[in-house]
Every structure is written in structure tokens, then in C-alpha cells.
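Understanding the architecture of this molecule
Listed below are the residues making up each chain.
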Amino acid sequence: PGLPVGCRRRRIVLPLPIRTATDRMPSTLQPLLLFASLATAAAFPDGLWTGASYDGIEAAEEAVALHQVEVLKQFANSVEEVKERVQKTAPGWALGIVSAVAGFLDETVQVPAVKAHAAAMSLAQAVSLSDLRPGGRPVRWEHLTVVSGDGTRLRATVAIPQQRGGERASFPVVVMPNSWALCVLEYTLKQQEWAAAGYVVLHYQARGWFNSEGLIEVAGPADVADASAVLDEVGKRAAEWRADAEAIGMVGVSYGGGLALLGAAHDARVKCAASLSGWGNLTRALAGQAAPNQVWFDILMSTSILVGRPDPQIHAMWESLVSAVVDPAANVDPLLAWAEERSPEAFAAKMCGRRLPVLVSNNAQDELFVSDAALMLRQTLHGAGCRVQLLINQGVHAMAELPSLAGIGGLVAHQPVWDETLRFMQAHLRPSKEPPPAGAQQGEVGHPHPPSRPAIRFQLRSPEGIFVAPRFVSYDRWPPREQEAVSLRLGQPLLG
């Protein structure tokens, strides 16, 4: 609806992988790929690559009628079919060469890759890409493999600040787990920026994603054990990296935010944690008010199939959740137990028993991890004794965080969520005495004793959106002092 009539007559030619994905993709994602198809057709009137043509609009209409779960299963099968087709059609000697070269590059040619990584980041800093600014400490990069307790190998990168002259200082450590479906390069710009300011910044790829082994378990016990294994690695390499293993913080976006809170809850070596666009209660996130969030489940499952290896239990738990909504007699105990051990709120007493400082940042238009749930998480942690700072920004899921991560922070108005996160780290880890990054207020970022921040900040909505400097309203408590108490009573009507 709303498309020009002529679009229905346009024949779109797509390469096999895209055609397969479009035909089999869950209907909630169909419009996204359809938009990409139309853009491709406009840019390449004669078609791109070769393949059978079809009417993209009609295909989308047909896909919408398919059952979500069945489409998801078909999509997973199509990925396996493509793999099998390649293995059958490619000559054996070619597959052998490709496998050998891939293994050689993956396992033995690490030094050139690290040098290229370091050179790219130095160049990005020199040209002030996104939030990077020239200056600060030299940064050394290292790519490594962390072996978890069950033998699972996790890929990681670490940015290491270099000491100056005869300096003997050690550096606080920030550990960053990856977001859902994002690769090991996700935090590269932030790693460079923060390392230049005097932090050892380690980013690891959670199990099941890309080159890390294992299955995606949605922040389950194995993921918690992985976080502790990463901290073990920090302890082993502390002398080499000049890292202060007594000053470790965890930061993550979305999936990484949940992993950061869970890792901090279960390992006392973490002295503070920041969850950006993360969750507190998994059941509330996926089925708030007993309404399963089918759109986001399709997005999460489809992307996990494309770039990871999801545990089959995830789909089984989702089916039991949907069944419980339509059948009140369904046994939901296994589902609730599965969700609870993946919910940071469930471990509030464990976190707050040691008064863990926590930063929670979510976005007002997020339909996955809604801002109301962030307020509930804040109240739970605050009531249990944690020192909590809450930010509610404008934008959809992870939108306040992504411009800086993607290197386009300079194209939109500066969003202060990453500045606030660094202030938070400096306030609760051993502070760095590095000069503050350009644009930061003197006496806050980089200052050895940053002033206290408002407990709660809401970003005000602006008609100009992301292209004007954000404005905030702050409170030192919640509910705010300005709010009057009103008592409501349910009972017999007062009149009549």
C-alpha cells in the first residue's frame, strides 16, 4: 500500500542468496529486504548478477500469509541447502585450498591482521573519525583466543595503552561483550578512544557468534562462565598489559548489556557495570503484559541463524511461551526458570550486596527493551542497595549508541551516552588522569575525581530529532519530589 502502481510491473533480478532469503524470511522482515531489492533494481536497471526474476511485491504479499515459525524453519533449512550445494558443486581440490588458506589466515597469520587493525585505528584517530580525537597515549592491539571452562574458544581483541618513559602506572580494564549479531569489530572505535585515554579495553565475541565456538544460549549459565574466563585471562595477562586486575568494569550494548550485568552479578572482580539498551527481566522483554513480541523474536532468530549458531532450546522456549498465552493450563515452570537465570533482576541481591555501581541506559522508543522496564530495573537495583545511574534517551533500540560505534557520530548531533558511560567508569574504577577528550566538560571526563551525576536523566524530545544537541531533565530520586501522592481506591461508586 502506498507504492506507485508502476512498482508492481517492475521485475527484480536478485542473486541466489538474496532470493533464497527473501522467499524464506519471516514476514516481519520481508519489507526490509524488499526495500533493499527495490533500491538495487533502481541502481542496476538491467539486474545485478544473474538469477530467476520474480515480482518482489507479490512475493512479499505471499510471505506475509505464511506462519511465522514455519517460515523460520524453512529459512534455516535453506541456509543448509546453500552450504550443501556449494560443497557438491565446487571441485574438491578448490574446497581443500580454500579451507587450508582460511585455516592458515585464521590461526597463524595474526600479526599482519593486528598491524592492519592498529594502523586503521591510528589513522581514524588522526582524522578525528566519529568521537576519536588526535592525541592521548599510543595504543597497541592484540587479537587473542580465550578458552572457557568447558573448552569453548572465544575470539577477542584488546586495545592496550602504552606507558610513557619510565612510567610504572597500571591501567583500569573495561570488558565489552558483543551485541546480538554484531562482529568483533563492533567496539573498535571505542576501544581505540578509551585506550588512548588510559584504559585496557577488551572486547570478546560471546559463544555461538561468528568465529567463537559453541551455541548461542541467550546469556545463560555458560555465557556467565565465559565472562569469568575472560576475567581470568585479564588476570593472567595483567603484568604484560600493565592492567590493574583490581579495577575491572563491564560495558555492553543490547545483548552485551545483559551479559555485562550478569557477569558483574556472578563475579565480584567486576567493580562496576554499564548496560546500554539492555534488559533486566527477560520474560518482560519478550512477552510484556502477556503479549509475545513476535516481530522482535523473528528479527533475533533470523540474524542468529545468519551469523551464529542458536541453541535449539531457544525456539522450544518461545513455543512454550506462546502456548502459555493461549492455554492458561500450560506448564510454564521450565520457561520461567529458563528466563529467570537470564534476567539480571533475579540477581539483584547478589549484585547489590556489595553495592555494585550500575549504569542503565535505554531508549524511549525501544520496542524490544522498553524504557518502562528500564525504570523497573533501576527501582529493583536501587531498592536492593546498588548505586544506580539511569539514562533514558530518545531513539529506537540501540540508536543512541550506534552512531558512535559505526563511525558516523559526527554526522548527527552528539549523543552523550558514551561520554556518560566513560564518566561512570572513571568515577568507579581507579580514575585515569588523562586529559579529557575534546568537547568534554573540564573536571568530568578524565578528571581524577569526577563530580556526582544525576541519578536519573530523561532526554527531551525535539522536533529536529537527532540533528540538534539533546536536552535533558534530571532527577535525584524516583518518583521525583515534584510528584504529588494520589491515592486511588477500587470499590463501590461514591454516587448512585
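Computed from a predicted structure; not experimentally measured.

Cut-off values and rules
- Residues numbered from 1 in each chain as written.
- Predicted model: local features only at pLDDT ≥ 70, side-chain atom pairs only at ≥ 80, totals over all residues.
- Heavy atoms only, no water.
- Helix = DSSP H or I, 4+ residues; strand = E, 2+ residues; numbered from the N terminus.
- Buried < 20%, exposed > 50% of the residue type's maximum accessible area, 1.4 Å probe, protein only.
- Contact = heavy atoms within 4.5 Å.
- Salt bridge = Lys/Arg side-chain N within 4 Å of Asp/Glu carboxyl O.
- Pairing = 2+ DSSP bridges.
- Right-handed = clockwise from strand over helix to strand, strands pointing away.
- Disulfide = S-S within 2.5 Å.
- Patch = residues over 30% accessible without salt bridge, like charges linked within 9 Å, V, L, I, M, F, W, Y side chains within 5 Å.
- Areas by Shrake-Rupley, 256 points an atom, 1.4 Å probe, with all protein chains shown as cover.
- Expected span 1.5 Å × (residues − 1).
- Phe/Tyr/Trp six-rings, centres within 6.5 Å; stacked < 30°, edge-to-face > 60°.
- Axes fitted to C-alpha atoms, helices over the stretch in contact; angles between N-to-C directions.
- Parallel < 35°, antiparallel > 145°, perpendicular 65-115°, else oblique.
- Nonpolar A, V, L, I, M, F, W, Y, C, P; charged D, E, K, R; others polar.

All right, on to the overall build of the protein then. Scanning the protein from N- to C-terminus turns up 17 helices and 12 strands. Residues classed as buried in the protein amount to 48% of the 496 residues present. Counting only contacts in the protein whose residues sit at least 6 apart along the sequence, the fraction spanning at least 24 positions is 73%.

All told, the structure shown has 16 salt bridges when counted by the stated rule. The closest approach of N and O atoms between Arg140 and Glu142, which form a salt bridge, is 3.5 Å. Overall, Arg140 belongs to the partly exposed group, its relative accessible area being 30%. Residue Glu142 is classed as buried on the basis of its relative accessible area of 13%.

Next up on the list: the pairing of strand β5 (residues 171-177). Judged by how many residues are buried, β5 sits mostly within the fold: 7 of 7 residues are covered. Strand direction decides the pairing type here: β5 and strand β7 (residues 243-253), joined by 4 bridges, are parallel. Looking across to β7, one finds that Val175 is bridged to Met250. On the question of chirality, the crossover connecting β5 to the parallel strand β6 (residues 200-204) by way of helix α7 (residues 188-196) is right-handed.

Right, let's talk about the state of the cysteines for a bit. Going through the model one piece at a time under the given rule, you end up with 1 disulfide. There is a disulfide in this structure between Cys352 and Cys386, and the S-S distance comes to 2.0 Å. One disulfide, between Cys352 and Cys386, carries an S-S torsion of -100° and so falls in the left-handed class. Of the two residues, Cys352 sits in helix α14 (residues 348-352) while Cys386 sits in the loop between α15 (371-384) and β10 (387-393), which places them 34 residues apart along the sequence. For the residue pair Cys352 and Cys386, the accessibility class agrees, reading buried in each case.

On to a nonpolar patch on the surface, then. Where nonpolar side chains cluster on the molecular surface, the patch consists of Leu182, Val396, Met399 and Leu402 and spans about 280 Å² of accessible area. Relative to the elements of secondary structure, Leu402 occurs in helix α16 (residues 402-406).

Our next topic: helix α17 (residues 417-428). Taking 1.5 Å as the rise per residue, α17 with 12 residues should run 16 Å; its terminal C-alpha atoms sit 17 Å apart, in good agreement. Across the 12 residues that make up α17, a large majority, 10, are buried. For α17, every residue scored as buried is listed here: Val417, Trp418, Asp419, Glu420, Thr421, Leu422, Arg423, Phe424, Met425 and Gln426.

We now examine the packing of aromatic side chains. Applying the stated criterion to the full structure yields 10 aromatic pairs. Summarising the aromatic geometry, the rings of Trp180 and Trp209 are spaced 4.8 Å apart at their centres and angled 75° between planes, so their arrangement reads as edge-to-face. Placement of the pair is Trp180 in the loop between β5 and α7 and Trp209 in the loop between β6 and α8 (221-241), with a sequence separation of 29 residues. The exposure class assigned to Trp180 is buried, which follows from its relative accessible area of 14%. With a relative accessible area of 0%, Trp209 lands in the buried category. Ring plane angle 75° and centroid distance 6.1 Å describe the contact between Phe458 and Tyr475, whose orientation is recorded as edge-to-face.

Before going further, it helps to examine unusual backbone geometry. Pro479 follows Trp478 through a cis peptide bond whose omega is -5°. Mapped onto the elements, Pro479 comes out in the segment after β12 (472-475). Not every positive phi belongs to a glycine, and Phe210 is a case in point at roughly 50°. Position of Phe210 relative to the elements: it lies in the loop between β6 and α8. If you check the backbone angles, Val218 has positive phi at about 55° while not being a glycine.

It is worth spelling out the packing of α8 against helix α9 (residues 255-266) at this point. Direction vectors running N to C along α8 and α9 enclose 70°, while the axes themselves pass 9 Å from each other. By the angle between their directions, the pair α8 and α9 is classed as roughly perpendicular. Contacts from Asp223, Val224 and Ala227 in α8 reach Tyr255, Leu259, Leu262, Gly263 and His266 in α9. Looking at the contact of α8 with α9 residue by residue, the class counts come to 5 nonpolar, 2 polar and 1 charged.

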